[in-house]
Amino acid sequence: QVQLVESGGGLVQAGGSLRLSCAASGMMFRFYSMDWYRQAPGKQREMVARITSGGSTNYADSVKGRFTISRDNAKNTVYLQMDTLKLEDTAVYYCSALVSGKRYWGEGTLVTVSS
């Protein structure tokens, strides 16, 4: 059973930084792309960043240059380094993976950016 567990969310002032982590189990982690999504209050869930099994990355335009996704295959963990946070980055952040045709989600971690 694939399990994804996020951590690292919290309250931060605008302009600050946070690093989210997602620990994966029940899957051959190194073979799969890993995604970070977020859902702000009253909005649809959107993809924030993706890292492929080969380490290629892509980002939503809204976070390019501020967020960095990375992975540690030895630890089965994917990270999201978030810098220069803005009020509009406030959301629940979810780790996700598509494994054998099924998309798995973590329970999410709340990031709140204050002014």
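Bear in mind that the values here come from a model prediction, so they are computed numbers and not experimental data.

Participant: Before we move on, could you go through the sheet that holds strand S7 (residues 67-72) and cite the residues and values that matter?
Facilitator: Spatial ordering of the open sheet is given by S1-S3-S8-S7, a layout of 4 strands whose pairing is antiparallel. Strand pairing shows two members of the sheet lacking a second neighbour, strand S1 (3-7) and S7, which therefore form its edges. This sheet shows a mean twist of 15 degrees between the axes of neighbouring strands, independent of strand direction. By the bridge criterion, 5 bridges tie S1 to strand S3 (residues 18-25) in an arrangement that is antiparallel. Counted as the bridge partner of Val 5 is Ala 23 from S3.

Participant: Please set out the packing of aromatic side chains residue by residue, giving values where relevant.
Facilitator: The description of an aromatic ring pair uses the distance of the two centres, along with the angle that the planes make with each other. Per the stated rule, a full pass over the model turns up 2 aromatic pairs. Geometrically, the ring pair formed by Tyr 94 and Trp 105 is edge-to-face, given 6.3 Å between the ring centres and 85 degrees between the ring planes. With Tyr 94 in strand S9 (residues 91-99) and Trp 105 in strand S10 (residues 102-105), this pair connects stretches of sequence that are 11 residues apart. The exposure class of Tyr 94 is buried, given its relative accessible area of 13%. Residue Trp 105 is classed as partly exposed on the basis of its relative accessible area of 34%. Members of the aromatic cluster, connected to one another through ring pairs, are Tyr 37, Tyr 94 and Trp 105. The residue whose ring lies beneath Arg 71 is Phe 29, and the NZ or CZ to ring-centre distance is 4.5 Å. The side chain of Arg 103 reaches across the aromatic face of Trp 105, ending 5.9 Å from its centre.

Participant: Could you give an account of the pattern of salt bridges, naming the residues involved and the relevant values?
Facilitator: A pair can form between side chains of opposite charge whenever their charged atoms are brought close. For the structure on display, the rule yields 6 salt bridges. Close ionic contact of Asp 89 with Arg 38 constitutes a salt bridge, the shortest N to O distance being 2.9 Å. Within this pair, whereas Asp 89 is found in the loop between strand S8 (77-82) and S9, its partner Arg 38 is found in strand S4 (residues 34-39), the two being separated by 51 residues in sequence. Residue Asp 89 is classed as buried on the basis of its relative accessible area of 1%. Among the residues examined, Arg 38 registers a relative accessible area of 6% and is labelled buried. Each of Arg 38, Glu 46, Arg 66 and Asp 89 takes part in a single network of salt bridges with overlapping partners.

Reading the values: the criteria
- Residues numbered from 1 in each chain as written.
- Predicted model: local features only at pLDDT ≥ 70, side-chain atom pairs only at ≥ 80, totals over all residues.
- Heavy atoms only, no water.
- Pairing = 2+ DSSP bridges.
- Helix = DSSP H or I, 4+ residues; strand = E, 2+ residues; numbered from the N terminus.
- Axes fitted to C-alpha atoms, helices over the stretch in contact; angles between N-to-C directions.
- Phe/Tyr/Trp six-rings, centres within 6.5 Å; stacked < 30°, edge-to-face > 60°.
- Buried < 20%, exposed > 50% of the residue type's maximum accessible area, 1.4 Å probe, protein only.
- Lys NZ or Arg CZ within 6 Å of the ring centre and 35° of its normal.
- Salt bridge = Lys/Arg side-chain N within 4 Å of Asp/Glu carboxyl O.

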